[in-house]
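Structural description and commentary
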Amino acid sequence: MVRADTIQQLFAAAELLATQCRVHGRRLAIVTNGGGLGVMATDRAIDLGIELASLSDDTIASLDKVLPAHWSRSNPIDVLGDAAPERYKAAVNACLQDEGIDGVLVMLSPQAMTDPDACAQAVIDAQQTSSKPVLACWMGQQLIASADRLFARHHVPCFSDPESSVEAFACLARFYENQQLLMQVPGPLSSHSEPDIEGARLIIESVLAENRQALTTAESRALLHAFDIPVSLSIQCHSANEALVAAESFGYPVAMKINDRHIQHKTDVGGVRLNINNAAAVRLVYKELLEAVRKKVPDIKSFSVSIEPMYTDPFGRECLVGANRDPVFGTTIVFGAGGVKVEVLQDTAIALPPLNTFLADKLINQTKIAAMLGEFRDMPAVNRDALIQVLLRVSEMVCELPEIESLDINPLVVDERGVLALDVRIIVAHHVKKINRYDHMAIHPYPTHLTRQEQLADGTDIIIRPIRPEDALIEQVFFRKLSTESRYFRFMQELNELSQDMLIRFTQLDYSRELALMAVTMEEEEEIEVGVARYSMNPDGSSCEFALVVADEWQHKGIGTRLMNALISSARQQGFSLMEGEILTSNQPMQRLVESLGFTVTASLEEPSIRLASMHL
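In this text, all values refer to a predicted model and were calculated from it rather than measured experimentally.

The rules behind the values
Residues numbered from 1 in each chain as written. Predicted model: local features only at pLDDT ≥ 70, side-chain atom pairs only at ≥ 80, totals over all residues. Heavy atoms only, no water. Salt bridge = Lys/Arg side-chain N within 4 Å of Asp/Glu carboxyl O. Buried < 20%, exposed > 50% of the residue type's maximum accessible area, 1.4 Å probe, protein only. Helix = DSSP H or I, 4+ residues; strand = E, 2+ residues; numbered from the N terminus. pLDDT = per-residue confidence, 0-100. Contact = heavy atoms within 4.5 Å. Core = buried A, V, L, I, M, F, W, Y, C linked by side-chain atoms within 4.5 Å. Pairing = 2+ DSSP bridges. Axes fitted to C-alpha atoms, helices over the stretch in contact; angles between N-to-C directions. Arc of directions from axis to C-beta.

This brings us to the pattern of salt bridges. Note on pairing: side chains with opposite charge can pair once their charged atoms come close. Scanning all chains against the criterion turns up 22 salt bridges. A salt bridge links Arg 87 to Asp 82; the nearest nitrogen and oxygen atoms lie 2.9 Å apart. The class for Asp 82 is partly exposed, based on a relative accessible area of 43%. When the shortest N-O distance is used, the salt bridge between Arg 393 and Glu 396 registers 2.7 Å. Taken as a pair, Arg 393 and Glu 396 lie in helix α14 (residues 384-400) at a separation of three residues, close to a single helical turn. Side by side, Arg 393 and Glu 396 carry an identical accessibility label, which is buried. Connected via shared salt-bridge partners are Arg 44, Asp 47 and Glu 167.

Put into structure tokens, the structure is as follows:
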């Protein structure tokens with residue numbers, strides 16, 4: 001490890017650290033023997049979005065035992081200028097044992113009583129007790145040259161200034177986050193209750209058949225109901241007497257809103273009244289609503305008023321959940337602060353569907369309102385899981401209903417009990433149907449619909465499903481159990497181990513240009529891979545190349561035939577016109593298999609040891 005004085009060395013240090021340590025977040029603890037160094041590191045951390053970790057009570061108590069009485073008692077942890085090596089070691093140990101700390105930055109500015117080498121050794125000794133990353137910032141050039149070499153021998157990255165050291169930790173945190181994102185392949189449908197996709201489609205089709213784009217309030221609410229998104233109750237009324245009956249049925253207070261397909265933003269035309277507390281007020285407000293709207297929209301001849309029970313929980317937070325169609329990226333999902341001030345606050349974050357729990361949680365955390373969702377003052381923390389479920393359901397909606405141009409749930413109130421959509425606006429448009437059901441999306445979701453259960457002739461149950469990034473481990477185990485001959489037949493070369501890059505390439509797919517179908521069975525409640533077939537799109541965009549391998553002990557059971565039939569069917573659905581592959585001449589069983597499936601096998605003119613198999617789809 002060299003001293004990280006350049007940006008290239010900084011990133012090299014961070015990359016090496018990432019291979020040796022474990023970082024699970026952005027919470028950094030800073031240990032320093034000078035308050036000024038701590039201030040510089042803190043300022044840079046704030047700029048980079050690095051969170052200064054809060055010290056737990058146990059950590060503070062532990063540090064109280066080893067630090068002078070007047071230590072900072074906060075992060076950065078100032079061990080003071082006269083800090084001996086033992087003080088450094090104890091401070092680093094305490095931080096590494098704190099579950100709320102993801103990494104430690106230790107800084108030293110040489111002073112008269114300082115021993116840079118001994119302090120460096122103390123940090124190294126403490127670092128060896130934990131897998132969390134420890135970074136050093138030893139200042140003083142020639143005074144700390146031998147400490148530099150000591151850090152290098154023990155692979156502890158050392159930096160020349162506080163800013164660079166914090167930047168290295170930021171690189172490390174981003175590396176971890178990006179690796180987590182690479183592993184996210186959410187499916188279009190949740191594992192909970194099935195949404196009524198067909199019912200939702202019928203609603204949209206009826207709207208488009210009437211040459212409308214905007215759904216009415218009732219239609220929009222019905223669409224949310226179809227995807228199990230909680231919506232406030234509402235009764236549509238066409239007279240003051242009907243409004244009075246509805247209000248009495250709900251109980252006071254109630255909200256009254258104008259309801260017309262031509263009015264998208266009710267507040268803009270004075271079409272919303274809240275906290276109506278008695279029967280007389282209902283009649284009066286009904287009349288006022290009609291007059292106010294007629295002044296703003298004189299062309300509308302008739303409209304109705306919706307009566308809803310008033311949301312009164314003082315602990316509710318107003319959020320916005322929406323979706324919009326971008327001409328470049330396709331459908332995007334929006335989350336942020338909701339209510340009537342949404343345009344003023346402009347506190348929103350955007351993500352590409354499909355979402356899963358990890359991505360939905362990350363989307364929430366990108367907004368300022370995320371800080372208000374936890375417990376503060378006398379307000380309890382909201383039911384975050386319920387909020388995440390709404391985001392997942394909206395993700396399902398835009399995956400399965402490409403006709404949705406925009407969706408705006410505002411406000412979506414979330415409290416400690418759950419969520420409730422108080423208002424929703426949906427715009428739809430005709431969608432040109434394509435071969436691929438998810439062509440309207442930038443990211444192809446996990447193709448759950450390709451999963452199937454099969455039973456072999458001997459009664460063994462197997463599942464054929466698309467591969468996922470988290471299958472890297474069982475894919476590696478599957479490869480290691482293959483015989484030398486099976487490996488050679490599959491890869492046409494001697495291969496003893498799948499590299500990390502190969503595992504990534506085999507398991508992290510985009511599903512639109514490539515697909516891998518695994519056959520798995522359960523043994524002692526664990527999935528065991530017994531075969532895999534895959535295709536990848538050729539440069540011409542209309543043909544694909546296939547590959548197949550079955551575990552040696554599972555051959556001659558019909559698994560290869562089942563995998564190839566499923567793969568061929570999927571390639572047809574994807575719109576490919578030709579499937580082809582190369583087979584070694586000595587691999588007679590594979591040649592017989594593909595011929596039985598309808599492939600034409602011919603000799604290669606360029607390589608006599610290769611046979612070419614092809615099938616027009």
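On to the confidence of the model for the protein. Looking at the protein, pLDDT values average 85 and 92% of them are 70 or higher. Confidence over residues 1-12 falls short of pLDDT 50; this stretch has 26 contacts with residues more than four positions distant or in other chains.

What follows deals with the nonpolar core. Counting 52 residues, the largest nonpolar core has Met 564, Leu 567, Met 579 and Phe 599 as its most contacted members. Element by element, the count of residues in this core is highest for helix α18 (residues 559-573), at seven residues. Apart from the residues within four sequence positions on either side, Phe 599 is in contact with Phe 546, Met 564, Ile 568, Met 579, Val 594, Ala 613, Ser 614 and Met 615. Formed by 49 residues, the second largest nonpolar core is a distinct cluster that contains Ile 197, Val 390, Val 394 and Ile 409.

Attention now goes to the sheet that holds strand β7 (residues 235-237). Hydrogen bonding along the main chain pairs the strands of a sheet, whether they run parallel or antiparallel. The four strands are arranged β7-β10-β8-β9 in an open sheet whose pairing can be described as antiparallel. Looking at which strands have only one partner, the edges of the open sheet turn out to be β7 and β9 (272-276). Sheet twist, expressed as the mean angle between neighbouring strand axes with direction ignored, is 25°. Relative to strand β10 (residues 304-309), strand β8 (residues 254-259) is paired through six bridges, and the arrangement is antiparallel. Its bridge partner being in β10, Asn 259 is matched across the sheet by Ser 304.

Below, the discussion takes up helix α13 (residues 357-365). Regarding α13, the residues found buried are Leu 359, Ala 360, Leu 363 and Ile 364. The arc that holds the buried residues of α13, viewed along the axis, is 140°, so those residues lie on one side.

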